[in-house]
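Residues per chain are reported as follows:
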Amino acid sequence: MLDALSLLLIFSGLAFYLAGTIGVLRLPDTLCRLHAVTKADNLGLGLLASGVLLQLSDPLQMLKLLLIWLLVLAASATGGQLIARHALDERPDQRAELPEDAK
Amino acid sequence: MTPGALLYLDLLMMGLMLVLAVGALYARSLRHAVILFIVFGLVVALVWARLRAPDIALAEAAIGSGLAGALLLAALRDRRRGAESAPRSPAWQVVAVGAVVAGLVLLLAWAFLDLQGERANGPLADTVRANLDVSGVSNPVTAVLLNFRAYDTLLELTVLLAALLGVMSLGPQRPPMDAAEPMAAGLIGWLIPLLIVAGSYLLWVGAHAPGGAFQAGALLAAAAVLADLGGRREFRLPGQTWLRLLAVAGCAVFTLVGLAALIGSGVLLQLPPDWAGSLILLIELFATASIASALFLVYLGGHPPSWNSREGHPDA
């Protein structure tokens, strides 16, 4: 039962990675691709980590896995912001299309 | 997880690896090929993890997929306008390459199945275990990397330096970024200390569990890249001269320790058992600094200003 749930979570995580990868391949510009990759990887890694979490018995290891996920979440959100900023600096035309408070 | 369930996971990863490899080779455009290559590296990292080699998995994800991928993307961006897609190969080449790949796959499958059997505890693994006491560390992987087969690791560090020289010769350094808006700047302020702590932990834990200089260096480099992207000058990242010196320091210290061992024991890189633990930590410490500097320099790109003035240089 636990194994089945684990597999379900891991496969759902992989599906998110797949969707993110397709997004990176298919979407037209840096901002859209960033959107695809950060969303998909955060959720994908979360599901993967939960799947693996169910296989562990040591609470300390579970905590470690959770912390790794949180660190990746924070790093990916920040990195995404910064890369988007860099991309906008190179494309002034895109910045002009943003709503006023996001410029 | 039951062996049956794991078999499905293994089959899935094997299939994925093949599909991605073929996809990368025959992608419509170079950009697609590069992206598929990056994803391929991540799947290979998972495969290494399944083969119970988490160290190699981490290194593959960080360097094989992350760094190599970033380099390829940068090369793609900077390359002069040329043919958008690779020329098609003739049919006989496709068939020949396919046959070779099929042979390799069979060989790997045989090796994998063979390793599953009693030879997983073969003579080499036994030798490592029997000599773990004199290695100075309790993680067998670190013992092999930094003591029994220290040559390999020294050469890996040298290869990294060579790659860095290649990137440095590509063009001038990227201009520094402006300061980020308050929210991103605040997040960076949180993240950088976290990354430094996580990197130090990986360096320290390498003595008795998966971790080590390459993984720690990758995290420290990530912290430096974040600081630069966010324009956080107050972190006072070392300048190009210091970064270059640090990038060489790992190789230098490793070589010096190896030479000292040669004088002491008559064999290059043969660490004395009493000192091995401290020496390995010393080497790993400098290797971490070197790898972090090298990766950060790769991100910054750029050669020393003196190269610009050289006569006949493409940038001059």
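The model shown is predicted, which means the values in this text are computed figures rather than measured ones.

Calculation notes
- Residues numbered from 1 in each chain as written.
- Chains lettered and ligands numbered in written order.
- Predicted model: local features only at pLDDT ≥ 70, side-chain atom pairs only at ≥ 80, totals over all residues.
- Helix = DSSP H or I, 4+ residues; strand = E, 2+ residues; numbered from the N terminus.
- Buried ≥ 20, exposed ≤ 12 C-beta atoms within 10 Å, placed from the backbone.
- Contact = placed C-beta atoms within 7 Å.
- Core = buried A, V, L, I, M, F, W, Y, C linked by C-beta atoms within 7 Å.
- Domains from an automatic or database assignment.
- Expected span 1.5 Å × (residues − 1).
- Nonpolar A, V, L, I, M, F, W, Y, C, P; charged D, E, K, R; others polar.
- pLDDT = per-residue confidence, 0-100.
- Axes fitted to C-alpha atoms, helices over the stretch in contact; angles between N-to-C directions.
- Parallel < 35°, antiparallel > 145°, perpendicular 65-115°, else oblique.
- Left-handed = near helix turned anticlockwise from the far one by under 90°.

(A) Molecular detail of the overall build of chain B. Helix and strand counts for chain B come out as 12 helices and 0 strands. Along chain B, helices (α) and strands (β) appear in the sequence α-α-α-α-α-α-α-α-α-α-α-α when read from the amino end. Burial status across chain B gives 30% buried among its 316 residues. Taking all contacts inside chain B whose residues are at least 6 apart in sequence as the whole, residues at least 24 apart take part in 70%.

(B) The arrangement of the overall build of chain A in detail. Within chain A one finds 4 helices and 0 strands. When the helices and strands of chain A are read in sequence order from the N terminus, they spell out α-α-α-α. Looking at chain A as a whole, 17% of its 103 residues qualify as buried.

(C) Spotlight on unusual backbone geometry. All names here are of chain B. One non-glycine residue, arginine 52, adopts positive backbone phi at about 60 degrees. Among the structural elements, arginine 52 can be located in the loop between helix H2 (30–50) and helix H3 (54–78). Take arginine 52: there are 12 C-beta atoms within 10 Å of it, and that puts it in the exposed class. Positive phi values are uncommon outside glycine, yet leucine 269 reaches one of about 65 degrees. Using a count of 22 C-beta atoms within 10 Å as the deciding quantity, one classes leucine 269 as buried.

(D) Summary view of the nonpolar core. Residue and element names in this part refer to chain B. Residues Leu219, Ala221, Ala223, Leu226, Ile283 and Leu295 are the most contacted members of the largest nonpolar core, which totals 74 residues. Mapped onto this core, the elements with two or more residues apiece are H2, H3, helix H6 (140–148), helix H7 (150–168), helix H8 (182–205), helix H9 (213–229), helix H10 (240–265) and helix H11 (273–300). Considering each element in turn, this core owes the most residues, 14 residues, to H9. When residues of this core are sorted by domain, at least three fall in each of domain 1 (1–79) and domain 2 (130–316).

(E) Representation of helix H3 (residues 59–90) of chain A. When the terminal C-alpha atoms of H3(A) are compared, their 46 Å separation across 32 residues agrees well with the 46 Å that a helix rising 1.5 Å per residue should span. Of the residues making up H3(A), those classed as buried are Thr78(A), Gly79(A), Gln81(A) and Leu82(A). Elements that come into contact with the buried residues of H3(A) comprise H8 and H9 of chain B.

(F) Representation of the interface of chain A and chain B. The interface of chain A with chain B comprises 16 residues on the first partner and 17 residues on the second. Sorting the residues of the side of chain A that touches chain B by element identifies helix H1 (2–26) and H3 of chain A as the ones contributing at least two each. Of the residues forming the side of chain A that touches chain B, the biggest block, 9 residues, is contributed by H3(A). Residue classes in the side of chain A that touches chain B are distributed as 7 nonpolar, 7 polar and 2 charged.

(G) Spatial organisation of the confidence of the model for chain A. Per-residue confidence for chain A gives a mean pLDDT of 84; residues scoring 70 or more make up 93%. Model confidence for chain A, summarised as mean pLDDT per element, is weakest for helix H4 (residues 92–97) of chain A at 70 and strongest for H1(A) at 88.

(H) A look at the packing of H7(B) against H10(B). Residue and element names in this part refer to chain B. At a minimum axis distance of 10 Å, the contact between H7 and H10 shows a crossing angle of 150 degrees. The angle between the axes of H7 and H10 places the two elements in the roughly antiparallel class. Crossing of H7 against H10: the hand is left-handed. Contact residues: Leu154, Leu157, Thr158, Leu161 and Leu164 in H7; Ala247, Val248, Gly250, Cys251, Phe254, Thr255 and Gly258 in H10. For the contact of H7 with H10, the per-class residue count stands at 8 nonpolar, 4 polar and no charged.

(I) Main features of the environment of Cys251(B). Residues and elements named next belong to chain B. With respect to the secondary-structure elements, cysteine 251 resides in helix H10. Overall, cysteine 251 belongs to the partly exposed group, with 19 C-beta atoms counted inside 10 Å. Taking the C-alpha atoms as reference points, cysteine 251 and isoleucine 283, 32 residues apart in sequence, are found 8.8 Å from one another. Setting aside anything within four residues of it in sequence, one finds cysteine 251 in contact with Leu157, Thr158, Leu161 and Ser290.

(J) H1(A), seen in detail. Between its terminal C-alpha atoms H1(A) stretches 36 Å, which fits the 36 Å expected from 25 residues at 1.5 Å a residue. Among the residues of H1(A), those classed as buried are Ile10(A), Gly13(A), Tyr17(A), Gly20(A) and Thr21(A). Where H1(A) is buried, its residues contact helix H2 (30–53) of chain A together with H2 of chain B.

(K) Seen up close, the confidence of the model for chain B. Within chain B, residue pLDDT values average 81, and 90% of them lie at 70 or more. Throughout residues 309–316 of chain B the model reports pLDDT below 50, and contacts reaching past four residues in sequence, or to other chains, amount to 9 contacts.

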